[in-house]
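# Structure at a glance
The chain contents come next:
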Amino acid sequence: MSARFRETWRDAVRAVDRRPGDSWRDRWAHHGARALLVVLFAALLPFLFPRSPLPEAVSLSAGAIADQDVIAAFEFTVPKPPAQLARERAESERVVAPVYSLDAQAADSARGLAAVFFKALDSAVVASGRDGIEGVTAAYGFGLNPGQVAFLEDAGRRNSLQTSLDRAYAELLPDGVAPILDLSGPAPSVVLLRTPEGDRRVPRDSLRTVGGFLDEALAFAPTDLSLAGFQLYQNLLFRFTVPSLRFDAAESEAARMQARTAVDTVLGTVLEGERIVSAHERVSERELVRLRAYNEALSERGLASEESRRRTAVGSFLFGVLMLGLFALVLMLYRSAIYRNARSYLLVMGLVALGLVGASVVYRVDFPPELVPVVLIAIPLAALWDGLMALVAVVVIAVLLAGLTELNVAYYPLVLLVAGAAAALGVLRMRKRTHGWALIAAIAGAYIVSGFAIGLLESLPLRIPAETSAWGLVAATLYTFLALGALIPLLEKLTGISTDQTLLELSDLNAPLLRELSRKAPGTYAHSIGVANLAEAACLAVGANALLARAGVYYHDVGKMENPQYFVENQPKGRNPHDRLSPSRSAAIIREHVRDGLKIASEHRLPPFIHDFVCEHHGTSVISYFLDKARNESPDTDVDPADFAYPGPKPQSRETAIVMLADGIESATRVLQDPTPERIKATIDAIVQARIDEGQLDQCPLTLRDLERTKAAFARILIGMYHRRIEYPSGVRAREEIPQFVASNELNASETGAPEPPAVQADARPAAEVSRPAETRGASS
């Protein structure tokens, strides 16, 4: 079980640094390792950017002397004292007008009550006379004197009394009569609802109360009433009156509640940094109220409590996972080569983390925010990998700073974003290290322009953009020199990636190793320059890295310096050391220049990509000339083709594949006796097709369209090199015939020193003419 576990663990570890396969374990290991790195870096953020703890509560009493200033650490509101708030709410409620509704049926109700009374009297008089009248009035709760009883015994007087009551109710109650008790409140006015005139406010003293109604209703009493009858009229009028203005308790209470809630509970607002209590002065009641509010705000926020710290840390962690996870997702979707390579992914995410660590140092030490090292991170990311990816990294850092720090979100993060963008995009224009001054100027300009632009938009004091300009110049100079002089060279060694500046330095023909190559193997040196011209043109045509290809070509044959005389381009006329060797030994020497090249590259500490060009420019092709020679010399012996094949591997990149094609084509076209455009194109087509048939291009990302563009670029360069010369006068032509004849004979042999195959002379078979010499060339096929 342990052995199986160890094997599973090793497979998971290997899956981290390779393209995930179909196995779910491989996918989990591949993506899980990268997600774990995001989580680990996000877990650092609460420690890098902790929230500032608030001060402890300050306890003072009115009239006490404060020993120090109390400054608000944040903005807070000061609530009104409870007693003051209660007084204001009571005052607000007091002036709310009560709400009444007009009852249109009040007159009918009063008349109905009176009618029922008089009907009962009529029945009682008929049935019992005086005793019946007293019984009815007793039932209604009021008594009568003998004179009043005698008044009601007369039917005419009863009818006259009822008619007067009906008139008073019909004419006065519809205009509104309010109960006397409901008008005892303090409200100066009331609201009459559902009146024919609509809703309105009227002064309370204009309302008709029950008392007023009674006074006005007396005018409707019969003029011939006796004292007993008039008193009876008054009693009955008051007894059956129904107030037509009804108090709306629900509506009135809602209005009072609205008035209470309308009272502002806040006494004022204290801004962050504002003085609450002044040192060495008596604490006034107003300051005491503000101080108590500040202490309550401290308690409510609880930022100094352990629980609040945990909440803040969790928030910082989740925010970091979100932003760093988005960056990792961008790498996975749009920069998959970086995402799949564990070392590149680790370094890219590590640089982002380094930028955050630097920002934390700046934030903690209270350095100017312009010194946050976004420029230091953007330059190497853009130089080694991708300017667009570097720009996304700068955006991630700026957003994290905006969320995790207390910087002015509308100013400093945006300024840093613009400066980082200038660094990420400006470094792509650098072709020499001396161009660093132009990059510094661009970054400093970004600080200056963005500082003043955002400062003017936010109406900030001009002092702030001026300080940004000064510190931005310092940051641009410092971080550019650090990036170009220290960080990028270090990352080049760690990643094996070379920047354009390094490629240009390697392409300097005065480099010691190239000068040594020109002395020891001048033919190989000239051949390398020719191949470099072809490879550069082809790379430009297909969008590959032309500078990388040129630098790689210059060093791809440095192994020939160990035995330069065994390669035809370095052989004097008439000397061919292969004539004294067996085919297998000759092939071994030819193949050995690859291993020698790797050894020399290691000794001179050349970048890893040079090693790729050295070992991939032949792939696993076979040195067919010596293979055929061995078979011809020993027809009965089973010759192993592997003994005549280069060690490989096959080209893995577009650049090394193009160099393989340019290497063979440059060698083949040099031995063409009549390099017409048609023969040059036929040579190019034959060699490219031969490499395809051999499977040498199977592992590189070149497409068929790229191959067509590559062949067109080769043809354009070679046709320009081998154009027909103009006809000179006979004397000049005669002087040129001898050197041209010698040169023709020198080129009429393969690189290995073997005689040129007859097929080279044939115009009818261009494919055979060029493919076989290319196969026999040990150094440039």
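Our subject is the structure that appears above.
An account of the accompanying structure is given in this report. Predicted, not measured: the structure shown is a model, and the values here were computed from it. (Residues numbered from 1 in each chain as written. Predicted model: local features only at pLDDT ≥ 70, side-chain atom pairs only at ≥ 80, totals over all residues. Heavy atoms only, no water.)

Take the overall build of the protein next. If you tally the helices and strands in the protein, you get 31 helices and eight strands. Buried residues in the protein amount to 46% of all 781 residues. Considering only intrachain contacts with a sequence separation of at least 6, the fraction spanning at least 24 residues in the protein is 77%. Surface exposure of the protein reaches about 38,800 Å², of which carbon and sulfur atoms provide 57%. (Helix = DSSP H or I, 4+ residues; strand = E, 2+ residues; numbered from the N terminus. Buried < 20%, exposed > 50% of the residue type's maximum accessible area, 1.4 Å probe, protein only. Contact = heavy atoms within 4.5 Å. Areas by Shrake-Rupley, 256 points an atom, 1.4 Å probe, with all protein chains shown as cover.)

Time to look at a nonpolar patch on the surface. A cluster of nonpolar side chains, namely Leu322, Leu326, Leu329, Leu333 and Tyr334, defines an oily patch on the protein surface of about 520 Å² accessible area. Residue leucine 329 is classed as partly exposed on the basis of its relative accessible area of 39%. (Patch = residues over 30% accessible without salt bridge, like charges linked within 9 Å, V, L, I, M, F, W, Y side chains within 5 Å. Salt bridge = Lys/Arg side-chain N within 4 Å of Asp/Glu carboxyl O.)

On to the packing of helix H16 (residues 387-404) against helix H17 (residues 412-426). Where H16 meets H17, the closest approach of the two axes is 9 Å, and the angle between their N-to-C directions is 165°. Between H16 and H17, the angle falls in the class roughly antiparallel. H17 is crossed by H16, and the crossing has right-handed handedness. Across from Gly387, Ala390, Leu391, Val394, Val395, Ala398, Leu401 and Ala402 in H16, the residues of H17 making contact are Pro413, Leu416, Leu417, Gly420, Ala421, Ala424 and Leu425. Split by residue class, the contact of H16 with H17 holds 13 nonpolar, two polar and no charged. (Axes fitted to C-alpha atoms, helices over the stretch in contact; angles between N-to-C directions. Parallel < 35°, antiparallel > 145°, perpendicular 65-115°, else oblique. Left-handed = near helix turned anticlockwise from the far one by under 90°. Nonpolar A, V, L, I, M, F, W, Y, C, P; charged D, E, K, R; others polar.)

A word on the packing of aromatic side chains. Taken as a whole and judged by the stated rule, the model has 12 aromatic pairs. Ring centres of tyrosine 339 and tyrosine 345 lie 5.5 Å apart, and the angle between their planes is 85°; this geometry places the pair in the edge-to-face category. Just as tyrosine 339 is buried, tyrosine 345 falls in that class too. Judged by centre distance (5.2 Å) and plane angle (75°), the ring pair of tyrosine 625 and phenylalanine 626 falls under edge-to-face. The burial state of tyrosine 625 is the same as that of phenylalanine 626; both residues are buried. One aromatic cluster in this structure is built from Phe117, Phe118, Tyr140 and Phe240. Here the guanidinium or amino end of arginine 34 rests over the ring plane of tyrosine 339, the centre of that ring lying 5.3 Å away. Against the face of tyrosine 345 rests arginine 34, its NZ or CZ located 5.6 Å from the ring centre. (Phe/Tyr/Trp six-rings, centres within 6.5 Å; stacked < 30°, edge-to-face > 60°. Lys NZ or Arg CZ within 6 Å of the ring centre and 35° of its normal.)

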